[in-house]
Amino acid sequence: MHLSDLASLRRYLTIKHHIPGRIRLLFNPVLVSRPEVRELMATHSELPPGVFSVRVNALALSLVIEYDSERIAPALLDELVTAGDDRVVEVLRELGERLMT
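Residues numbered from 1 in each chain as written. Predicted model: local features only at pLDDT ≥ 70, side-chain atom pairs only at ≥ 80, totals over all residues. Heavy atoms only, no water.

Asker: How do you make sense of the overall build of the protein when you look at a structure like this?
Answerer: Regarding its fold elements, the protein presents 4 helices and 4 strands. When the helices and strands of the protein are placed in sequence order, the string is α-β-β-α-β-β-α-α. The buried share of the protein, reckoned over its 101 residues, is 36%. At a minimum sequence separation of 6, the contacts of the protein that also span at least 24 residues come to 54%. (Helix = DSSP H or I, 4+ residues; strand = E, 2+ residues; numbered from the N terminus. Buried < 20%, exposed > 50% of the residue type's maximum accessible area, 1.4 Å probe, protein only. Contact = heavy atoms within 4.5 Å.)

Here you go:
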């Protein structure tokens, strides 16, 4: 999973619950058949720096991401999911800069 994958799926995602270090997203049932979601379920070894785990529950239509809130600012993660098209590139850049330090 890459944060850009999450950004590309954002129009299908809703933040259900978020505390620093753990975010639960609900996704539209349309995503169950999308290859990006299948990839999220299959490739847990390719997590970006600062992300500890990603769990997809297709039956509950949810995605839980556990992350290091010291490296990934919770507000930036919120914005990644809710940002309009123009802001996503900037949010990804900000997140990338934080993860490289």
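Asker: Honestly, the pattern of salt bridges in this entry has me stumped. Any pointers?
Answerer: Pairing of side chains with opposite charge becomes possible as their charged atoms draw close. The full count for this structure, using the stated rule, is 1 salt bridge. Ionic pairing is found between Arg-55 and Glu-66, a salt bridge with its closest N-O pair at 3.4 Å. Here Arg-55 is found in strand E3 (residues 51-57), whereas its partner Glu-66 is found in strand E4 (residues 62-67), with 11 residues between them in sequence. Judged by its relative accessible area of 40%, Arg-55 is partly exposed. (Salt bridge = Lys/Arg side-chain N within 4 Å of Asp/Glu carboxyl O.)

Asker: What's the story with helix H3 (residues 74-82) in this structure? I'm lost.
Answerer: An α-helical turn contains 3.6 residues, so any two residues separated by three or four positions project in the same direction. Listed as buried for H3 are Leu-76, Leu-77, Leu-80 and Val-81. Along H3, the residues classed as buried sweep out an arc of 140 degrees about the axis, all on the same side. Exposed and oriented more than 90 degrees from the buried face of H3 are Ala-75 and Thr-82. (Arc of directions from axis to C-beta.)

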